Every structure is written in C-alpha cells, then in structure tokens.
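A structural walkthrough
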Amino acid sequence: MRELLNFRRYILDNGLKVLILEDHGLPILSYQVHVKAGSRFERPGITGISHLFEHMMFRGTSKLGPEEFSKIIQSRGGIVNAFTTQDHTTYWENVPSDQLELVIELEAHRLKELKLDEESFSTEREVVRSERKMRISTTPYGAALEELFSLAYLRHPYRWPIIGWDNDLRNLSLKDCEEYFRLHYAPNNMIIVICGDVVPEKALDLICKHYGDLTPQECFHKIEPEPPQRGERRSVFKKPVELEAIFWAYHVPGIDSDVIFPLLGICECLSGGKSSRFWQKFVRAGKATEVRLVADPPPFWPKDPGLLILYAIEKPGIPISSLENEIEEEIRLFKEKGPTENELEKIKNRLKASFLRSLESLFFRGLVGGIYEIKLDGFEKSWEILEKYESLKAEDMIQVAEKYLHEDNRTCIMVKSISIEENAKFGLIE
Amino acid sequence: MRELNLNPIEIHLDSNHKIFALSYGKAPLSYLVMLIKAGSEKDPKGKEGLTDLWAEGLTLGTKKKSLEELIFEVEKLGGYLEGSAGWDFSLLLISGLEEKLNNLLEILSEIFYEPDFPFQEIEKTKERRLSNLLQLKDDPSKMADRLIWNMAMEGTPYAHPISGSLASIKNITLEDIVHFHNEIYPQQRSTLFILSKEVKEVLLEKTKDTLSKLITWKGEEKTPETTPSTPQSQILILDRPDLTQSQIRIAFPSLSRKDDRYYILKLMNYLLGGGGFSSRLMERVRSQKGYTYSIRSSFSSLKTCGTLIISTFTPTDTTYATFEEILSTIEDFTKQGPTEKELEEAKRFFEKSFPLRIETPKQLLNEIILQETYDLKFQDLFEEIEKLKKINIEEIKSIAQEILQKQKMQVLIIGNSQHFIKNFENFENLQLMPYKDVLP
C-alpha cells in the first residue's frame, strides 16, 4: 500500500511544501492546494469567512473574469473545485497530465493577482447564503446538527458551522475577506500536492518558477481548547418533520491520537453494513428507520478533538424516545464483551477494503497525502492506516468505548415534530 | 482504447449470455456485477417498485443461508452486496478484497441461483422502504426530483420512481417477486462483469460454470418508441410555508438512447447546463445574478424515450426572477446556439477528460454497464469522441429548438408560494397544491 502513497516532499525557501507522487497509469493528474484556513481559524462575527473566501478565489483576477479560472480548466479537459472543512481549505484540479503547467500558472496567478471587489463579493455572498439554505435550512435535520455542535462545544471553534451563521454571512465585508486572505494565504501556510502522471523534477521546477516569489509571513492563530465535558447536555429542537430523530455526540480525541482506530472499529461493529449490530437489532427488526454511529475516517477525522455522532431516525409508529434505552443497552453490551472474533475479522476487512477502494483515485490519494501533511505535519503517518486497522484488538475497543461512550461525555438533541402552524411561531430557519 | 492499454476478455456463451472480464485498478480489490437487461420499466401498473424489490430480494437470503448469515459472510470478506434496479437494467453487485475473489464468485452464484425470498424479510424490507419514503418527504429537493420525473415521463413505462411509491409498495406480494424471478428475468439477457486488479485464467473457467445454468436467451422483443403523453405545458406549485428556499425543476421530452442524435444532445446539454461553470445556465443564474449555489441540466436517454431536466433552488424572494432568467437563457440559447468558442471548448472537454471518466474500476463499470444495456460495444465507448468532434453549431441549435420548447415544458416549484404565486398567475395550466397533500 505504501507505493500508493509514496510522495516525495520538497520545501521551497519561502516555506511552501510540495508533495509529488508519480503514477503513470493514465495520462492524468490531480493538482491540489491545501491551505491552513478552515472554520477553526475564525471567530464569532466572521464565521463562514473561510468558505466564503474559497468562493471568492473563483471570482476573478487582474486578467481573468468571474469563474473564468474554472472555464479554462474545463476547456482543457479538467475538472475543478474546492472545499472548506473545519481545519483547511482545499483547491483542486483533476486534469490531463499535459496541462500541468497551465494549472500551476493559474493557481499561482490567483494567489498573486486575486481581484476582490464589492460587486463580486455581494453576488457571491448571496450564492453562499443559498448554499447555506440548501445544506442547513431546507434539509430535515441540518439545523438540529448545527445546534448539536454548538451545544457540545462551549469554547472551541468547532462549535460553529463551516458555512457560518446566516447573520454573520450578512454582515461580512470585503475588508474582512482581504484581511483573512492576508493572514492565511501565505506560502508557508500551504501545501501543494501533485499526484499522477508527472515527472517530479520538472514539476518542481515549474512550482519554483511560479510560486518561488511569494513572500512568507507569520501565521499564528491561538485556538481556544475545549474544556472537558462535566455531565450530559440535552436539548430539544422542534420543526415540522415526518420522522423524529435523536442525535448524540461524544467528545473524542483528534487525528493525532491512535485512539481513532479503535473508535472507527466500534463504529464499524455497531453500524457498518447490514451485518452490524444496530442494523440487525433496530433497522432489520423494524424498530427504527436508521441508527448509526459515525465518524469521519482518516484523513478527514478532525485535527482537534472531535465528535463521534450517533443518530437514530424513528420508524413511523414507534417513538424514537422509546429506543434510547435499547441503544444504550447495545453500547453497554459492547463495553462488556467487545466484538466477537468473527466480528473483529469483519471489522478489519471492511475498514481495509473501504480505505483501499478510495485509493483507486489519484484525487483521493492526493487528499490523503495533503491532509495528513497539513494536520499532522507528515504524510508518512498515512502509511500506518492499513496496519492500524489490521492490528485492531477487542480489548482496545472495549477500553476506548468505556472511556468515551458514556453519559457524562454526551450531548443529546431530540428533533421533535410540530405542525406548520406551530412552526410559524418560531419563525423561519435561516 | 489501445493508448489506455485496456484488454478486456469477452466470452460469448452458447446460451447467448456473456462474460466480460478486465484486469483494472490500482488497489487489490474485485468487483463482480451480474447485469440483467430488464429494469423498472417492466413494473406492472399498481406494483411499481417490483423490479427493484426483486433485485434487493436476491440479497435477503438463499436456500442455504439466512439474511444474517449471508450478509455476514460477504462483509467478513471486506465486501458489500447490492441488488438494485435501474431503467432498462437490474444488477447484482458484489465487491471485496481481491484475495477473496473466488469466495465472492461463489456467493454471487449462490445468490443468483438459489435465492430464498424469505417472506418475513421481504415484508420487513417493504416496511423499511415505506419509512424511507416518509423520510424522503422531509427533503424537498429529493421530492422535487421524484415528482418532476413522473411529470416528464407521464404516459411511458418510466413514469414512476424506481423504488415505487407508498401506495404501490404495499401492493407487491411475495408471489409477485417469485413470479418475476421465475418468469420475467429468465427471459432477459445477462452479462457477468469481472473487474479486478488481476483476472486469472482459472477464474474465467469457473465463471463459465457459474453462467452455465442460465437458460438460452432467445433474443429481444421489439420495443416501440414511447412519447410522454402530457399534452401541453403545465406548472405545478407545491406550497410549503416553512421553506426559505424554493426548489425549481423544468422538464422537456427528449431523445431515446437509440436516436442517432444522442451525441448532439450530449453536447447541447453540456453547453446549456451540464457543463458546470462552462454552461450558459450557471453563467447567467449563478455567476451573473447570484440567485443560486447550483443550477444544472441533465438528460436521461432510455430505451424508448428520454427527458431533459433543469434543476435549481433559490431563496424564496428570487423564485420568479430565477424562473424568468432560466427561460430567458433558454430563449437566447435556442435562437443563437452556442458560439464557435463554446462549442470547441465543449468538444475539447469531452475529448481530454475521457481518462478521468474511467479512472477507477467503479467508474469504468458504470460506463460499460450502460454500453451493454443499450446494445453498444465496449469499443463504442472510445469512439464517442470522434462522433462529438463532427458536430456543428447548426446541429446544436436545431436539437435545442426541438427539445427546449416552452409549450412542452413541465414545471414544478416547491416553496413558500405566497411570496411568488402572483407572478405565475398569467401562466396557463397553473396548479397550486399544499405540499403536505402530496405522497411520495
């Protein structure tokens, strides 16, 4: 597996890190720019700025009009997009390998000559507010999940949504964006990944040519740590839904901890696939529409201590509140006996296969390298993933379940259904 | 294909069924897919969802293994198992670690030849599907996709959701499923696809045995072209006062997969709304106006008919402005067609992005399943580019004018209607209904 993630690392004089992985299987490559600029670097009042700024990066430069960047890449047979997480913002292009120089040139150009103007900013802010409505306001449980995070975290920036609060989005200014760009978009705060049909030395020459003159700057940001939770927090979220639901969040360590692997093993045992305990006990048995315990697998597991989320969606006629005790009982059973030998083998194979499946694409391989480098300062850590899955032990999983899956470490939200008329008194969800 | 160095092995059996094997992929994984060329268009009236339920039913246990035992065995191999229907095809997919390929093949064979369709599991599956449909009602975007499809396909065998509806799922019995299994599916042609990092000769021999029990396929019945029967344009507005954003869908009748102009349609769709930021709709509605985060057009070309659907969403107060902007974009596009530059760039996109489309085994599988479903050869996949290169502006314009006709469009809007209903009052065939009265 190592050969699929065997990047070469280079560091330019201005601090820019470059990871290059050669794979000549197909005449394509994935080009990625990972910036240490996600919602964890924001503060109340400017929540959502990392993501809004990601949009602004496509709104033109001194030479290019709005979205022309994307049009040029597409006209050369490429696919282009970007995404923002809590910990970083990633810009990527998957292109035919003969377009490498063009991509490098365009990406470096927008860092140097980005055009930020009021007109583009106002248009894009409305686009983002529409995206927020799509992801949060008009989905069945989006707003409840937002509330879960802001209840589970008291201080850490993971308490606000990546897309930002609507009120902050309305009040953000172009000046905020300019300031954010200045603070975070420096070469020493970025990692470039090139993965695919590429000759490393040639690619590095091009990177030096186009990015070498960027000036480094101090990028310091103090993150407020989250204090330990000292007892369960509970809340009710009312809205018109066909099916009521519960969401539980448990605080768990960040990606730098080896504990994430047994935690993923627990998720897999309880709710991975149709042979899992939750599916068999609740979904197959007709007690719930869905019951799952989920976490983002590496490299997407958060940098700082994150949340393991359990959710259950009711089956019509069976109140979801009546399932809480049964779900707790399943967790208690797991803590008592852990997985069976057969289950352990299944968990290992499923986790391995799922990770291997994702490595089929150059894009994902690039993400693994880039995100590990940005979160842990070393893509080499990703080589251990399969090994960690293979060496999972029942006793470690029991110990980890004991430590984290308990009431005092839990935040609960119950989504209760109300009529449209009753909903009117609360006002609309923005 | 030669440049990409793909060397599939195709074995045509005496029974007219087929095996397609290809060494492909970077990771040590295998994919086995049994493709049956009959899909949800075969669903009897009132029992929509039958084919999809039959396909899932195959995975609910065999004569030798209960559901629990079967699923555990597959998942223990690092695998997953899926039975589902599409339009014009159904499939059974099993995937897992390459070192377990032999076991995966044995399981697939057992599922296919010895399914049990246990009554209790079928009933539970139906119940789950009913709950999932209620869950879906909470999502206006998914509901909009389902409803516009039905409006667009009215009068054709495709005018229902693949998974069925609240009403139709209740009507499906175990006898219907067993009848489908014994009478309908054996009449269809099957192909077994194997994609694995390395396909060995010995496996192919074993695979031949697996398909040997299928009865001889006697050829396809001629299926006539069908046309949606909706006589004229209509606008359906579903009122949901708690929404802050409206879902907008606009559908037009389009071409079947066998139509010679399929590739012109493909290019036209890219230019209109399928090409992301390179498309006219994205340029006008998002980039210039900022009305939405996303707008796209997509087309489905099926065995006997097709549809083209424009999908977007926008905050409530810009609902009508967005609708108008879409119509105005369509009008300009059909009158003037694309520019020379737009057309050349679109062609170049399809030509140069081709390897990206087939990078992973799963992506390649999706492509070849469609090729097989519509009686196209594997090689045809690689000849598409040459066909696209020959298309000119007049052909694009002509197909746009034929398809994007205002008098044939079906419009669906889900939103807080009191803020925009007045703007639509001049349209003929306008219907307003409470969202809560619509069942999925």
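Residues numbered from 1 in each chain as written. Chains lettered and ligands numbered in written order. Predicted model: local features only at pLDDT ≥ 70, side-chain atom pairs only at ≥ 80, totals over all residues. Heavy atoms only, no water.

**Describing the overall build of chain B**
For chain B, the helix and strand inventory stands at 17 helices and 12 strands. For chain B, whose C-alpha radius of gyration is 23 Å, the value lies close to the compact-globule estimate of 22 Å for 440 residues. Projected onto its principal axes, the C-alpha positions of chain B cover 65 × 50 × 40 Å. Put simply, chain B has 440 residues, and 62% of those count as buried. For chain B, the proportion of contacts with a sequence separation of at least 24, taken over those separated by at least 6, is 80%. Per element, the accessible surface of chain B, about 17700 Å² overall, is 48% carbon and sulfur. Side-chain charges in chain B split into 56 positive and 66 negative, and the spacing between the mean points of these groups amounts to 2 Å. (Helix = DSSP H or I, 4+ residues; strand = E, 2+ residues; numbered from the N terminus. Rg over C-alpha atoms; globule rule 2.2 N^0.38 Å. Buried < 20%, exposed > 50% of the residue type's maximum accessible area, 1.4 Å probe, protein only. Contact = heavy atoms within 4.5 Å. Areas by Shrake-Rupley, 256 points an atom, 1.4 Å probe, with all protein chains shown as cover. Lys, Arg positive; Asp, Glu negative; His and termini not counted. Charge placed at Lys NZ, Arg CZ, Asp CG, Glu CD.)

**Comments concerning the interface of chain B and chain A**
Tallying the contact residues gives 66 residues for chain B and 71 residues for chain A. Counting each side, the surface lost to burial between chain B and chain A is near 6000 Å², with a carbon and sulfur contribution of 58%. Applying the counting rule to chain B against chain A returns 11 salt bridges. With a shortest N-O distance of 3.5 Å, Glu-345 of chain A and Lys-76 of chain B are connected by a salt bridge. (Buried area = accessible area lost by both parts, 1.4 Å probe. Salt bridge = Lys/Arg side-chain N within 4 Å of Asp/Glu carboxyl O.)

**A few points about the sheet that holds strand S4 (residues 80-85) of chain B**
All names here are of chain B. A sheet is described by the order of its strands in space; here 6 strands give the open sequence S1-S2-S6-S3-S5-S4, paired in mixed fashion. Of all the strands in the sheet, the pair left with one neighbour each is strand S1 (9-12) and S4. Averaged over neighbouring strand pairs, the angle between their axes works out to 10 degrees when direction is ignored. Examined bridge by bridge, strand S2 (residues 18-23) and strand S6 (residues 190-196) share 6 bridges and lie parallel to one another. Across the sheet, the residue bridging to Leu-22 is Leu-195, located in S6. Packing against the sheet, helix H3 (residues 101-113) makes contact with strand S3 (29-36), S4, strand S5 (90-97) and S6, and its axis sits at approximately 155 degrees to S5. Here helix H8 (residues 201-211) sits on the sheet in contact with S1, S2, S3 and S6, set at roughly 155 degrees to S2. (Pairing = 2+ DSSP bridges. Axes fitted to C-alpha atoms, helices over the stretch in contact; angles between N-to-C directions.)

**Focus on the nonpolar core**
Ranked by size, the top nonpolar core spans 92 residues in total, and within it Ile-266 and Ile-327 of chain A carry the most contacts. Looking at which element gives the most residues to this core, the answer is helix H9 (residues 260-271) of chain A, with 8 residues. The contact partners of Ile-266 of chain A, leaving out residues within four places of it in the chain, are Leu-293, Phe-334, Met-397, Val-400, Ala-401 and Leu-405 of chain A. The next biggest cluster of nonpolar side chains, apart from the first, holds 80 residues, and it includes Ile-46, Phe-53 and Tyr-158 of chain A together with Ile-169 of chain B. (Core = buried A, V, L, I, M, F, W, Y, C linked by side-chain atoms within 4.5 Å.)

**Structural notes on the state of the cysteines**
Two cysteines whose sulfur atoms are joined by a covalent bond form what is called a disulfide. All names here are of chain A. Counting across every chain of the model gives 0 disulfides over all chains. Free of any disulfide, Cys-267 has its nearest neighbouring cysteine sulfur in Cys-269, separated by 10 Å. Given a relative accessible area of 7%, Cys-267 falls into the buried group. (Disulfide = S-S within 2.5 Å.)

**Re the pattern of salt bridges**
Applying the stated rule across the entire model yields 78 salt bridges over all chains. Glu-201 of chain A serves as the salt-bridge partner of Arg-8 of chain A, at 2.9 Å between the closest nitrogen and oxygen. One end of the pair, Arg-8 of chain A, is in strand S1 (residues 8-11); the other, Glu-201 of chain A, is in helix H8 (residues 200-211), and 193 residues separate them in sequence. Among the residues examined, Arg-8 of chain A registers a relative accessible area of 34% and is labelled partly exposed. Classification of Glu-201 of chain A by relative accessible area gives partly exposed; the value is 45%. With its nearest N and O atoms 3.9 Å apart, the salt bridge here joins Glu-99 of chain B to Lys-100 of chain B. Within this structure, Arg-9, Lys-17, Glu-373, Asp-377 and Glu-380 of chain A form a network of salt bridges that share partners.

**Considering the confidence of the model for chain B**
Averaged over every residue, the pLDDT of chain B is 93; residues scoring 70 or more account for 98%. Interface scoring of the predicted complex returns ipTM 0.93; its pTM is 0.95. (pLDDT = per-residue confidence, 0-100.)

**Section: the pairing of strand S6 (residues 190-196) of chain A**
Residues and elements named next belong to chain A. Within S6, 7 of the 7 residues are buried, leaving the element largely enclosed by the surrounding structure. Relative to S6, strand S2 (residues 17-22) is paired through 6 bridges, and the arrangement is parallel. The partner of Ile-20 across the bridge, within S6, is Ile-194.

**Section: the pairing of S5 of chain B**
Residues in a regular strand project their side chains so that they alternate between the two faces of the sheet. Residue and element names in this part refer to chain B. Judged by how many residues are buried, S5 sits mostly within the fold: 8 of 8 residues are covered. Note that S3 and S5 share 8 bridges and pair antiparallel. When the bridges of S5 are listed, Tyr-31 appears paired with Ser-95. The pairing of S4 with S5 spans 6 bridges and is antiparallel. Looking at the pairing, Leu-81 lines up with Ile-94 of S5. Turn length for the S4-S5 hairpin, with the two strands adjacent in sequence and antiparallel, is 4 residues, and the turn residue Asp-88 shows positive phi of about 75 degrees.

**Digging into the side chain of Gln-32 of chain A**
All names here are of chain A. Along the chain, the position of Gln-32 falls in strand S3 (residues 28-35). Residue classification places Gln-32 among the buried positions, given a relative accessible area of 0%. A distance of 3.0 Å separates the side chain of Gln-32 from the side chain of Ser-30, its partner in a polar contact. Polar contacts involving the side chain of Gln-32 include one to the main-chain amide nitrogen of Leu-367, which spans 3.2 Å. Among all residues touching Gln-32, those that are not within four sequence positions of it are Tyr-91, Trp-92, Ile-191, Ile-192, Val-193, Leu-362, Phe-363, Gly-366 and Leu-367. (Polar contact = N/O pair within 3.5 Å; in protein donor to acceptor, adjacent residues only side chain to side chain.)

**Some words on the packing of H9 of chain A against helix H10 (residues 277-284) of chain A**
Residue and element names in this part refer to chain A. For the pair H9 and H10, interaxial distance at closest approach is 4 Å and the crossing angle is 35 degrees. Taken together, the residues of H10 that come into contact with H9 (itself represented by Cys-269, Leu-270 and Ser-271) are Arg-277, Phe-278 and Trp-279. Here the contact of H9 with H10 is built from residues that sort into 4 nonpolar, 1 polar and 1 charged. (Nonpolar A, V, L, I, M, F, W, Y, C, P; charged D, E, K, R; others polar.)

**Some words on the sheet that holds strand S9 (residues 295-301) of chain B**
Residues and elements named next belong to chain B. If you walk across this open sheet you meet the 6 strands as S9-S10-S8-S11-S7-S12, and the pairing is mixed. The sheet is open, and its two borders are formed by S9 and strand S12 (430-434), each paired with just one other strand. The average angle at which neighbouring strand axes cross in this sheet is 15 degrees, direction not considered. Relative to strand S10 (residues 306-315), S9 is paired through 7 bridges, and the arrangement is antiparallel. Note that in S10 the partner of Ser-298 across the bridge is Ile-309. Here helix H5 (residues 140-153) sits on the sheet in contact with strand S7 (234-239), strand S8 (245-254), S9, S10 and strand S11 (410-415), set at roughly 160 degrees to S11.

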